[in-house]
Amino acid sequence: MIKLRVELEPAYDVTLGYGLLDGLQLPVSRVALLYDAALPAEVVERAARHAEFRVALPPGEACKTLEVYSRTLSELARHALPRDGAVLSLGGGATSDLAGFVAASYLRGVRLYSVPTTLLAVVDASVGGKTGVNLPEGKNLVGAFHQASAVTADLDTLRSLPERTFREGVSEMFKHDLLDPRARLGRFWERSDVGSPEFLEAVARSVAVKAGVVARDPHEAGERAYLNLGHTLGHALEAASRHALTHGEAVAYGLHYAAILSYLEGGADLTERTAKFLAWMRPGPLPRASFEDLAVLMNRDKKADSRGVRFTLLRDVGEAYLARVSPERQRVAFERFVTDVRAILGAKPER
């Protein structure tokens, strides 16, 4: 077991290990369990022992709508969950986002305890307090910052993940490696590694990268925006594909695009490494969207301001920065990106 401290005010722990779900301790008497309806019944029942009532959420991004958000708030109100109660989140990144937003806004804020059950949620969504839902116009456009009181990651829940879902989380681990000056950009992890001490340590290192950034910049006033490396194009591709691309697949594409942009803007050439990762990831095909279509979506990115979109780029591994890139250079990078994807994946993207 590894315990990491997220140094915010108040601080909280992220506990990583195996067999942790049964020993979960919640210091509150009234708890609402918000869970992904696609989870195995056995996992849900183990978590439900700690809750007064439960609310099933649609799997994946389907839960991140204003309709589901409203319905879930009504369930908490119907059960009269009090201000000193808590929300227990059980599921992947989308569940974490929705449950956190519910906890942030119900009675102007109740405590949140998170039990992430996907690798993506463990290394990314459950840490840092970003919560929210999507709009038809874009991803995560409505939300709030609301830190968990504790995060308990039982890595045994990762053993039954579909391979595609597992690789989503590896995509975020790879992103954290690119942001960490101490990283060696080592091996890409396989699901068969889940029970190994090396895997536990790798996950802990990835969580530590995010926890460190969040502690220094909890409300994304500066450095925290670096965690969006690869996400500007990634979120646009997710939206353009109507979420046929998973978040991790879209980020894998976005990381390669960011590496191309970084190089064109004078940074180190990291494209060989991002291309190798893209080949390992084997994401679904690109959506049928032109650069102009995607540019509209990128300009709705959360990092955009009144002057337009800002990209997270890399001067080198561990040297991230925010930059405005001319539309012409964005287009040149996109043309190279499409050519690379065609060569890397051995098939013409669906454009």
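No experiment lies behind these values; they were computed from the predicted model shown.

(A) Molecular detail of the overall build of the protein chain. Of the regular secondary structure elements, the protein chain holds eleven helices and eleven strands. In terms of overall dimensions, the protein chain is globule-like: its C-alpha atoms have a radius of gyration of 19 Å, near the 20 Å expected for 351 residues. Taken over the C-alpha atoms alone, the protein chain extends approximately 55 × 40 × 35 Å along its principal axes. Residues classed as buried in the protein chain amount to 58% of the 351 residues present. Across the protein chain, contacts joining residues at least 24 apart in sequence account for 72% of those joining residues at least 6 apart. Put simply, the protein chain shows about 14600 Å² of open surface, and 49% of that area lies on carbon and sulfur atoms. Put simply, the protein chain has 44 plus and 44 minus side-chain charges, and the middle of one group is 2 Å from the middle of the other.

(B) Geometry of the packing of helix α8 (residues 247–264) against helix α9 (residues 271–281). One can describe the packing of α8 onto α9 by two numbers: an axis separation of 9 Å at closest approach and a directional angle of 160°. When the axis of α8 is compared with that of α9, the two are roughly antiparallel. Relative to α9, the crossing made by α8 is left-handed. In this structure, α8 uses Gly248, Glu249, Ala252, Tyr253, Leu255, His256, Ala259 and Ile260 to contact α9, whose residues at the interface are Thr271, Thr274, Ala275, Phe277, Leu278 and Met281. Of the residues that constitute the contact of α8 with α9, the class distribution is nine nonpolar, four polar and one charged.

(C) The arrangement of the domain arrangement of the protein chain in detail. As far as domains go, the protein chain holds domain 1 (2–158) and domain 2 (229–346). If you look at the interface, domain 1 gives eight residues, while domain 2 gives seven residues. Buried surface at the junction of domain 1 and domain 2, summed over both partners, amounts to about 670 Å²; 63% is from carbon and sulfur atoms. Lys139 is paired through a salt bridge with Glu238; the nearest N and O atoms lie 3.4 Å apart. Linking domain 1 with domain 2 are one residue pair in polar contact (both at pLDDT 80 or more), by the criterion used here. Looking at the side of domain 1 that touches domain 2, the element that brings in the most residues is strand β8 (residues 138–145), giving three residues. Here the residues of the side of domain 1 that touches domain 2 are counted per class, giving two nonpolar, two polar and four charged.

(D) Quick peek at the UniProt feature "domain: 3-dehydroquinate synthase N-terminal" (unreviewed entry) in the protein chain. As annotated in UniProt, the feature "domain: 3-dehydroquinate synthase N-terminal" (unreviewed entry) corresponds to residues 55–167 in the numbering used here. Between the C-alpha atoms that bound residues 55–167 the distance is 28 Å, and the span itself is 34% helix and 30% strand.

(E) Just the nonpolar core, in detail. Of all hydrophobic cores here, the largest spans 100 residues; its most connected members are Leu16 and Phe337. Those residues in contact with Leu16 that lie beyond four places of it in its chain are Met1, Ile2, Leu4, Val122, Ala153, Leu200, Val203, Ala204 and Val207. Core analysis: the second largest hydrophobic core is formed by 18 residues, Leu39, Ala48, Tyr113 and Val115 among them.

(F) Up close: the packing of α8 against helix α11 (residues 327–345). Relative orientation of the contacting elements α8 and α11 amounts to 130°, with a least axis distance of 9 Å. When the axes of α8 and α11 are compared, the pair comes out oblique. Between α8 and α11 lies a crossing of right-handed hand. Counted together, Tyr253, His256, Tyr257, Ile260, Leu261, Tyr263 and Leu264 of α8 and Arg329, Gln330, Val332, Ala333, Phe334, Arg336, Phe337, Asp340, Val341, Ile344 and Leu345 of α11 form the full contact between these two elements.

(G) The arrangement of the pairing of strand β5 (residues 86–91) in detail. Burial of β5 is extensive: six of the six residues sit out of reach of the surface. Examined bridge by bridge, strand β3 (residues 31–36) and β5 share five bridges and lie parallel to one another. Its bridge partner being in β5, Ala32 is matched across the sheet by Val87. Of the strand pairs in this sheet, β5 and strand β6 (residues 111–116) are connected by six bridges, and their pairing is parallel. Pairing of Ala86 across the sheet is with Arg111, part of β6. Read as a crossover between parallel neighbours, the route from β5 over helix α3 (residues 93–105) to β6 is right-handed.

(H) Up close: the pairing of strand β2 (residues 12–17). Most of β2 is tucked away, with five of its six residues classed as buried. The pairing of strand β1 (residues 2–6) with β2 spans five bridges and is classified as antiparallel. From the neighbouring strand, Ile2 faces β2, where its bridge partner is Leu16. The loop that links β1 with its antiparallel partner β2 comprises five residues. Pairing geometry for β2 and strand β9 (residues 150–154), over four bridges, is parallel. Pairing of Thr15 across the sheet is with Thr152, part of β9.

(I) Representation of helix α7 (residues 231–240) in the model. In terms of burial, α7 is largely enclosed, as eight of its ten residues are buried. When we look at burial in α7, the residues that qualify are His231, Thr232, Leu233, Gly234, His235, Ala236, Leu237 and Glu238. Structurally, α7 contributes buried residues whose contacts are with β8, α5 (163–179), α8, α10 (291–298), β10 (311–316) and α11. Of the residues flanking the end of α7, it is Arg242, one or two places downstream, whose phi is positive at about 55°.

Analysis parameters
Counting starts from 1 at the beginning of each chain's written sequence and moves along it residue by residue. In view of the model being predicted, local features appear only for residues whose pLDDT reaches at least 70, and side-chain atom pairs are presented and counted only at 80 or more, with totals across whole chains, interfaces and linings using the full set of residues. Hydrogen atoms and water are omitted, and side-chain values are computed over all heavy atoms in the structure. Put simply, DSSP marks the helices as runs of H or I at least four residues long and the strands as runs of E at least two long, and each gets a number from the N terminus on. This radius of gyration counts C-alpha atoms alone. The globule rule is 2.2 Å times how many residues there are, raised to the power 0.38. Accessible area is worked out with a 1.4 Å probe on protein chains only. A residue is then buried under 20% of its type maximum, exposed over 50%, and partly exposed in between. Residues count as neighbours in contact if any of their non-hydrogen atoms are within 4.5 Å of one another. Here the accessible surface of atoms and residues is derived via Shrake-Rupley with a 1.4 Å probe, and residues count as covered only by protein chains that are part of the display. Working convention for charge: Lys and Arg count positive, Asp and Glu count negative, and His plus the chain ends are omitted. Positions of charges follow a simple convention, taking NZ of Lys, CZ of Arg, CG of Asp or CD of Glu. Lines fitted to C-alpha atoms define the axes here, with helix axes fitted over just the stretch in contact, and angles between the N-to-C directions of these axes take values from 0 to 180 degrees. When describing relative orientation, an angle under 35 degrees is termed roughly parallel and one over 145 degrees roughly antiparallel, while 65 to 115 degrees is termed roughly perpendicular and anything else oblique. Each crossing gets its handedness from the near helix: less than a right angle anticlockwise from the far helix is left-handed, clockwise is right-handed. Gly counts as polar in this scheme, as do all residues outside two lists: the nonpolar Ala, Val, Leu, Ile, Met, Phe, Trp, Tyr, Cys and Pro, and the charged Asp, Glu, Lys and Arg. Segmentation of the chain into domains, including their bounds, is taken from an automatic or database domain assignment. By buried area we mean the combined loss of accessible area, with a 1.4 Å probe, across both parts when two parts are placed together. Definition used for salt bridges: Asp or Glu carboxyl oxygen within 4 Å of a side-chain nitrogen of Lys or Arg. In protein, a polar contact means a hydrogen-donor-capable atom and an acceptor-capable atom, both N or O and within 3.5 Å, with residues adjacent in sequence counting only if both atoms are side-chain atoms; elsewhere, any N or O pair within 3.5 Å suffices. UniProt positions are given in the numbering used here, feature names are shortened, and annotations may be inferred rather than shown by experiment. In this text, buried Ala, Val, Leu, Ile, Met, Phe, Trp, Tyr and Cys residues form a nonpolar core when linked through side-chain atoms within 4.5 Å. For two strands to count as paired, DSSP must find a minimum of two bridges between them. Classification remark: right-handed applies to a crossover when, strands pointing away from the viewer, the course from the first strand over the helix to the second runs clockwise.

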